[in-house]
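Structure assessment
Chain by chain, the residues:
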Amino acid sequence: MSDAAADLRAMIAAYWKPHAICAAARLGLADALGDASLDAATLAAKIDADAANLERFLRALASIGIVLDKGDGTFALTEMGQRLRADHAESLRGMARHVGTQLSPSFAQLTECVAKGRPPEGIAYGTQGFDDLNDDAKAAAIFNQAMVDSSRRFAAEAVQAYDVTGFASFADIGGGHGMVLAELLKAAPDATGFVLDLPHAEEGAKALFARQGVADRARFVGGSFFDPITHAADCYMLKYILHDWDDEHARQIIRRVGAAARDHGATVLLIERILPETVQERGDHAIAMYGDMTMMLWNGRERTKAQFEQLLAEGDLVLTRTAALSDNHYVIEALSN
Ligand SMILES: C[S@@+](CC[C@H](N)C(=O)[O-])C[C@H]1O[C@@H](n2cnc3c(N)ncnc32)[C@H](O)[C@@H]1O
């Protein structure tokens, strides 16, 4: 067999790995294993699973480095597997549950999306579905925790790459549970801030502010970024907001943010991926394009730097600076024109 065929076969078959990781997260397998070494029957009793199938599943997870098969009938978490625990400082359990239940079903409809030029019917949690999260507490919990998992990392990187200590107040627009705001407030210890988001995020945001020790400086404001933003701040932060929306909706949001920034002499910061102008066969480009395919299925889009400049101009904003984070993510600074 040629290398090209072997590489393609490997990529075609690779789909099972994220499914297996997401299933492990949904079963709560890592939380139940903790720091112990357990056999399949003991673990099955803890997570209410079928012992025989669980044993086969654990052996499969051992083949991709999520658990270690200790050879005596017991299994333990590896360093990667530890990160599927809810209580791990670098936990990705929320992200895995989100991908397994909310993102991967949409990827089954990629063919139709590309052929028809629009998001597939029945994607429950796409951009039309943010309001649905207000009526579905379970889905909202999964979605919001995934955003916390993502934001824990990128917000921590952002405050290293971009100095926020000069700001006295922050607005985390569409901030969800407010992980980004919490990191901003920890980096600027005298500042205050608020998250503006839909009602589904309120309870979780208040709980996160308390856990992160910023409850006395952070508040939640219920509202929509499609309406005028009347609350003042020195810095309006939008992480993963513009990428959720097609150009028409993104323009509406940036006009609201641009108006607020002008009214209050504020800085606008985005945390987003910036797509390469020319895509190469590279790991970091593949991660960026994964983001764009995800957003295409949800009626949003990732953008190039030139596309961000164009969009920001709609809000009378000029892109003044970018600061690189990992995986093609950037802090994008914009000021009123
Ligand atoms: C992809 S999430 C990003 C969350 C957060 N910025 C983060 O990165 O952790 C998009 C957020 O936009 C919020 N959102 C959607 N429509 C909104 C609207 N009309 N007004 C305010 N927030 C909205 C969602 O509820 C969700 O929390």
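Keep in mind the model is a prediction, meaning the values are calculated, not measured. (Residues numbered from 1 in each chain as written. Predicted model: local features only at pLDDT ≥ 70, side-chain atom pairs only at ≥ 80, totals over all residues. Heavy atoms only, no water.)

This part takes up the overall build of the protein chain. Helix and strand content of the protein chain: 14 helices and ten strands. Taking 2.2 N^0.38 as the reference for a compact globule, 337 residues should give roughly 20 Å; the C-alpha atoms of the protein chain span a radius of gyration of 21 Å, in line with that estimate. Here the C-alpha coordinates of the protein chain stretch approximately 65 × 50 × 35 Å along the principal axes. Across the protein chain, every contact between residues at least 6 apart in sequence was considered, and the portion connecting residues at least 24 apart equals 66%. Of the roughly 16100 Å² of accessible surface on the protein chain, 51% is carried by carbon and sulfur atoms. (Helix = DSSP H or I, 4+ residues; strand = E, 2+ residues; numbered from the N terminus. Rg over C-alpha atoms; globule rule 2.2 N^0.38 Å. Contact = heavy atoms within 4.5 Å. Areas by Shrake-Rupley, 256 points an atom, 1.4 Å probe, with all protein chains shown as cover.)

Scanning all chains against the criterion turns up 16 salt bridges. A salt bridge links Arg83 to Glu90, with the nearest nitrogen and oxygen atoms 2.9 Å apart. Accessibility expressed as a relative area gives 47% for Glu90, which makes it partly exposed. For Arg282, the salt bridge identified is with Asp284, shortest N-O distance 2.7 Å. (Salt bridge = Lys/Arg side-chain N within 4 Å of Asp/Glu carboxyl O. Buried < 20%, exposed > 50% of the residue type's maximum accessible area, 1.4 Å probe, protein only.)

As a further point, take the sheet that holds strand 1 (residues 38-39). Pairing in this open sheet of three strands is antiparallel, and the strands run 1-3-2 from one edge to the other. Whereas interior strands pair on both sides, the edge strands pair on one side only; in this sheet they are strand 1 and strand 2 (67-69). Relative to strand 3 (residues 74-77), strand 2 runs antiparallel, the two sharing three bridges. The partner of Val67 across the bridge, within strand 3, is Leu77. Against the sheet, helix 5 (residues 51-63) contacts strand 2 and strand 3, and its axis sits at roughly 105 degrees relative to strand 2. (Pairing = 2+ DSSP bridges. Axes fitted to C-alpha atoms, helices over the stretch in contact; angles between N-to-C directions.)

As a further point, take the UniProt feature "domain: O-methyltransferase dimerisation" (unreviewed entry) in the protein chain. Following the UniProt record, the feature "domain: O-methyltransferase dimerisation" (unreviewed entry) maps to residues 12-84 here. End C-alpha to end C-alpha, residues 12-84 measures 25 Å, and it is 60% helix and 12% strand. (UniProt positions renumbered as here; feature names shortened; annotations may be inferred.)

With that out of the way, let us pick up the domain arrangement of the protein chain. Each assigned domain of the protein chain is listed with its residue range as follows: domain 1 (3-82) and domain 2 (124-336). Using only C-alpha atoms to locate each centre, domain 1 and domain 2 end up separated by 34 Å. (Domains from an automatic or database assignment.)

Take the site of the ligand next. Inspection of the region around the ligand gives 19 residues, with Ser151, Gly174, Asp197, His200 and Lys239 positioned closest. Here Phe225 contributes a backbone N or O atom positioned 3.0 Å from a nitrogen atom of the ligand. In the model, a nitrogen atom of the ligand is placed 2.8 Å from a nitrogen or oxygen of the Lys239 main chain. Considered on its own, the ligand offers 590 Å² of accessible surface; in the complex 96% of this is hidden by protein. Among the elements that line the shell around the ligand, the one with the most residues is helix 9 (residues 137-161), at three residues. Residue composition of the shell around the ligand, grouped by class: nine nonpolar, seven polar and three charged. (Near = heavy atom within 4 Å. Polar contact = N/O pair within 3.5 Å; in protein donor to acceptor, adjacent residues only side chain to side chain. Nonpolar A, V, L, I, M, F, W, Y, C, P; charged D, E, K, R; others polar.)

The subject of this paragraph is the sheet that holds strand 7 (residues 235-239). Spatial strand order, 6-5-4-7-8-10-9: seven strands in an open sheet with mixed pairing. Looking along the sheet, the strands with just one partner apiece sit at the ends: strand 6 (218-222) and strand 9 (317-324). The sheet shows a mean angle of 25 degrees between the axes of neighbouring strands, direction not considered. Relative to strand 7, strand 4 (residues 169-173) is paired through three bridges, and the arrangement is parallel. Looking at the pairing, Ala171 lines up with Tyr236 of strand 7. Running over the sheet, helix 12 (residues 247-264) touches strand 7, strand 8 (267-273), strand 9 and strand 10 (329-336) and is turned about 160 degrees from strand 7. In this fold helix 14 (residues 305-313) packs onto strand 8, strand 9 and strand 10, with an angle of close to 145 degrees to the strand it touches most, strand 9.

Turning to the packing of helix 2 (residues 16-27) against helix 7 (residues 93-107), a few remarks are in order. Close contact between helix 2 and helix 7 brings their axes to 8 Å; oriented N to C, the two are set at 115 degrees. As helix 2 runs across helix 7, the sense of the crossing is left-handed. Residues His19, Ile21, Cys22, Ala25 and Arg26 of helix 2 pack against Arg93, Ala96, Arg97, Val99, Gly100, Thr101 and Ser104 of helix 7. Its residues assigned to classes, the contact of helix 2 with helix 7 shows five nonpolar, four polar and three charged. (Left-handed = near helix turned anticlockwise from the far one by under 90°.)

Turning our eyes to something else, we now look at helix 12. The end-to-end C-alpha separation of helix 12 is 25 Å, in line with the 26 Å expected for 18 residues at 1.5 Å each. In this fold, the buried residues of helix 12 make contact with strand 7, strand 8, helix 14, strand 9 and strand 10. Within two residues after helix 12, Gly265 carries a phi angle of roughly 55 degrees, on the positive side. (Expected span 1.5 Å × (residues − 1).)

A few words now on the packing of aromatic side chains. In this structure the tally under the stated criterion is eight aromatic pairs. Between Phe225 and Phe226, the ring centres sit 5.2 Å apart and the planes meet at 70 degrees, which makes this aromatic pair edge-to-face. What makes Phe225 buried here is its relative accessible area of 13%. For Phe226, a relative accessible area of 23% puts it in the partly exposed group. Sitting over the face of the ring of Tyr240, Lys239 holds its NZ or CZ atom 3.5 Å from the ring centroid. (Phe/Tyr/Trp six-rings, centres within 6.5 Å; stacked < 30°, edge-to-face > 60°. Lys NZ or Arg CZ within 6 Å of the ring centre and 35° of its normal.)

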